[in-house]
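Each chain, letter by letter, is given below.
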Amino acid sequence: MRIESPRALAAIAEMGVERLAGASLAELTSLGIGGATDVLRVRRHHSLPALIQLLRAEGIEHRFLGGGTNVLIADGELPWVALQLVSPQPDVLIEGRSVWVDAAADLGRMVTTCAKKNLGGMEGLIGVPGTVGGALRMNAGAYGTEIGKFVREVDVYRAAAGVNETLRDGQISFEYRHTSFAPADIMLRARLELPEKPYAEILAGIRVCNEKRRASQPLNQKSAGCIFKNPPGGSAGRMIDGLGLKGFRVGDAMVSERHANFFVNAGRATCADMLGLIAEVRARVHAAHGCELEGEVIVWNA
Ligand code: EPU
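Scoring rules and cut-offs
Residues numbered from 1 in each chain as written. Predicted model: local features only at pLDDT ≥ 70, side-chain atom pairs only at ≥ 80, totals over all residues. Heavy atoms only, no water. Phe/Tyr/Trp six-rings, centres within 6.5 Å; stacked < 30°, edge-to-face > 60°. Helix = DSSP H or I, 4+ residues; strand = E, 2+ residues; numbered from the N terminus. Buried < 20%, exposed > 50% of the residue type's maximum accessible area, 1.4 Å probe, protein only. Lys NZ or Arg CZ within 6 Å of the ring centre and 35° of its normal. Pairing = 2+ DSSP bridges. Axes fitted to C-alpha atoms, helices over the stretch in contact; angles between N-to-C directions. Contact = heavy atoms within 4.5 Å. Salt bridge = Lys/Arg side-chain N within 4 Å of Asp/Glu carboxyl O. Polar contact = N/O pair within 3.5 Å; in protein donor to acceptor, adjacent residues only side chain to side chain. Core = buried A, V, L, I, M, F, W, Y, C linked by side-chain atoms within 4.5 Å. Near = heavy atom within 4 Å. Nonpolar A, V, L, I, M, F, W, Y, C, P; charged D, E, K, R; others polar.

Q: Can you walk me through the packing of aromatic side chains in this structure?
A: For any two aromatic rings, the description comes down to two numbers: the centre-to-centre distance and the angle of the planes. Under the definition given, this model contains three aromatic pairs. With a centroid separation of 5.4 Å and an interplanar angle of 80°, the aromatic rings of Trp-80 and Trp-300 are classed as edge-to-face. In this pair, Trp-80 sits in the loop between strand 4 (71-73) and strand 5 (81-85) while Trp-300 sits in strand 18 (residues 298-300), placing the two residues 220 residues apart along the sequence. Just as Trp-80 is buried, Trp-300 falls in that class too. Over the ring of Phe-248 we find Arg-284, and its NZ or CZ is 4.6 Å from the ring centre.

Q: What is the right way to look at the sheet that holds strand 5 in this model?
A: The strands making up a sheet associate through backbone hydrogen bonding, with each pair oriented either parallel or antiparallel. Reading across from one edge, 1-2-5-3 is the order of the four strands in this open sheet, with mixed pairing throughout. Lying at the two open borders of the sheet, with one neighbouring strand each, are strand 1 (18-24) and strand 3 (62-64). This sheet shows a mean twist of 30° between the axes of neighbouring strands, independent of strand direction. Here four bridges tie strand 2 (residues 36-42) to strand 5, and the two strands are oriented parallel to one another. When the sheet's bridge partners are listed, Val-42 is paired in strand 5 with Leu-85. Across the face of the sheet, helix 2 (residues 48-57) comes into contact with strand 2, strand 3 and strand 5 while running at roughly 180° to strand 5.

Q: Looking at this structure, I do not really get the pattern of salt bridges. What am I missing?
A: Opposite charge on two side chains permits them to pair, given that their charged atoms come into close proximity. Taken as a whole and judged by the stated rule, the model has 21 salt bridges. We note a salt bridge from Glu-165 to Arg-158, for which the minimum N-O separation is 3.6 Å. By relative accessible area, Glu-165 is classed as partly exposed at 30%. Here the salt bridges share partners, and the residues they tie into one network are Glu-153, Arg-168, Arg-191 and Glu-193.

Q: In this structure, what is going on with the side chain of Asp-38? I would like to understand it.
A: Relative to the elements of secondary structure, Asp-38 occurs in strand 2. In this structure Asp-38 comes out as buried when scored by relative accessible area, which is 0%. One polar contact links Asp-38 to Arg-19, side chain to side chain, over a distance of 2.9 Å.

Q: Looking at this structure, I do not really get the pairing of strand 11 (residues 163-168). What am I missing?
A: In this structure, strand 10 (residues 151-158) lies alongside strand 11, joined through six bridges in antiparallel fashion. Of the residues in strand 11, the one forming a bridge with Glu-153 is Arg-168.

Q: What should I look at first to understand the nonpolar core in this one?
A: Burial of nonpolar side chains together is a common tendency in soluble globular proteins. Counting 56 residues, the largest nonpolar core has Leu-40, Leu-48, Leu-51, Met-110, Met-122 and Val-154 as its most contacted members. Once residues within four sequence positions are removed from consideration, Leu-40 is found in contact with Ile-3, Ile-12, Val-17, Glu-18, Arg-19, Leu-51, Leu-55, Val-81, Ala-82, Leu-83 and Gln-84. Grouped together as the second largest cluster of nonpolar side chains are 24 residues, Ala-224, Ala-236, Ala-269 and Leu-293 included.

Q: Can you walk me through the site of the ligand in this structure?
A: Around the ligand lies a shell of 20 residues, among which Tyr-143, Tyr-176, Cys-226, Asn-230 and Asp-241 are the nearest. Cys-226 places a main-chain nitrogen or oxygen 2.7 Å from an oxygen atom of the ligand. Measuring from an oxygen atom of the ligand, one finds a side-chain N or O atom of Lys-246 at 3.2 Å. The greatest single-element share of the shell around the ligand, amounting to three residues, is contributed by helix 6 (residues 236-242). Along the lines of polarity and charge, the residues of the shell around the ligand split into seven nonpolar, seven polar and six charged.

Q: Explanation requested: unusual backbone geometry in the structure shown.
A: A negative phi angle characterises most non-glycine residues, just as the trans form characterises most peptide bonds. Cis geometry marks the peptide bond from Gln-89 to Pro-90, where omega comes out at 0°. A positive phi is found at Asn-118, a non-glycine position, where the angle reads about 60°. Following the sequence through the fold, Asn-118 ends up in the loop between helix 3 (107-116) and helix 4 (132-138). In this structure, Arg-177 takes a positive phi of about 50° despite not being glycine. We classify Arg-177 as buried; its relative accessible area is 19%.

Read these as geometric descriptors, not functional statements.
If you want it as structure tokens, here you go:
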């Protein structure tokens, strides 16, 4: 969607919001799939309420894009604009064992910044691509660590009600790849509390996780990480692999040869290719195991 109203364009510029006109979301997502729309890059959190109000008044729908690493987006001209937060610098502030981090900060960089101050615990998250905001929303996890475990408070803009709120410990529930944030909540900043650990020890842990990831995941191919959640007590990757589906494709969407729960864009995959592959694999797993795999990747195809 292109914003055309001169009044809206002037107001957006006045808010200091940068507009990438007709940007290709394929270039802003790790899957390399997604159509075109205006992307509004918000530098100052406090301009969000006015921006969202303006978009509502103009009848322009919007979606919030984080790092674009866990999302599958429709092709063609998209019927909404994408909003993206730009992190201030520095985006990580450390006081004792408390870490204040901006939602737009890169997750991996936050982990290493904390490590240099002898704060650890998050070694498993090192190779998870994306922003801290995205990691908070999905309760990102790997190698026995989930970000939710360290979160003490989160500043959110509750777009549905139009208010800023600080949610503390007991007000947020973090479950396996699921949180209690409302769909319209926009993560702004979080405070984490981390255990003290010597830098060398954290680095050793990071190396182990990097090795495991390199050995088992297709890191040099376009993907959105695992496409399905693991069913309770089971492994989606093992089930798909067991059906001999590695390398199986619909168009250019392909089940990774390295990890069967990673679906990769092996060329010029479309959103329809990827959705077709997801549906086919889900049906085959259901037929073989009677188990309905739940998606892990967010799909914006409507
Ligand atoms: N397996 C196979 N074939 C495959 C893939 C896996 O047999 O093609 C087997 C493995 O040998 C292992 C089991 O399945 O016995 C589990 O595999 P793995 O250790 O790779 O972990 P996973 O359960 O598939 C989860 C997370 C990953 C995270 C890793 C490491 C989910 C859906 N996935 O994968 O997270 O990186 O553990 O902790 O929970 C993501 O969320 O996008 C993601 C990649």
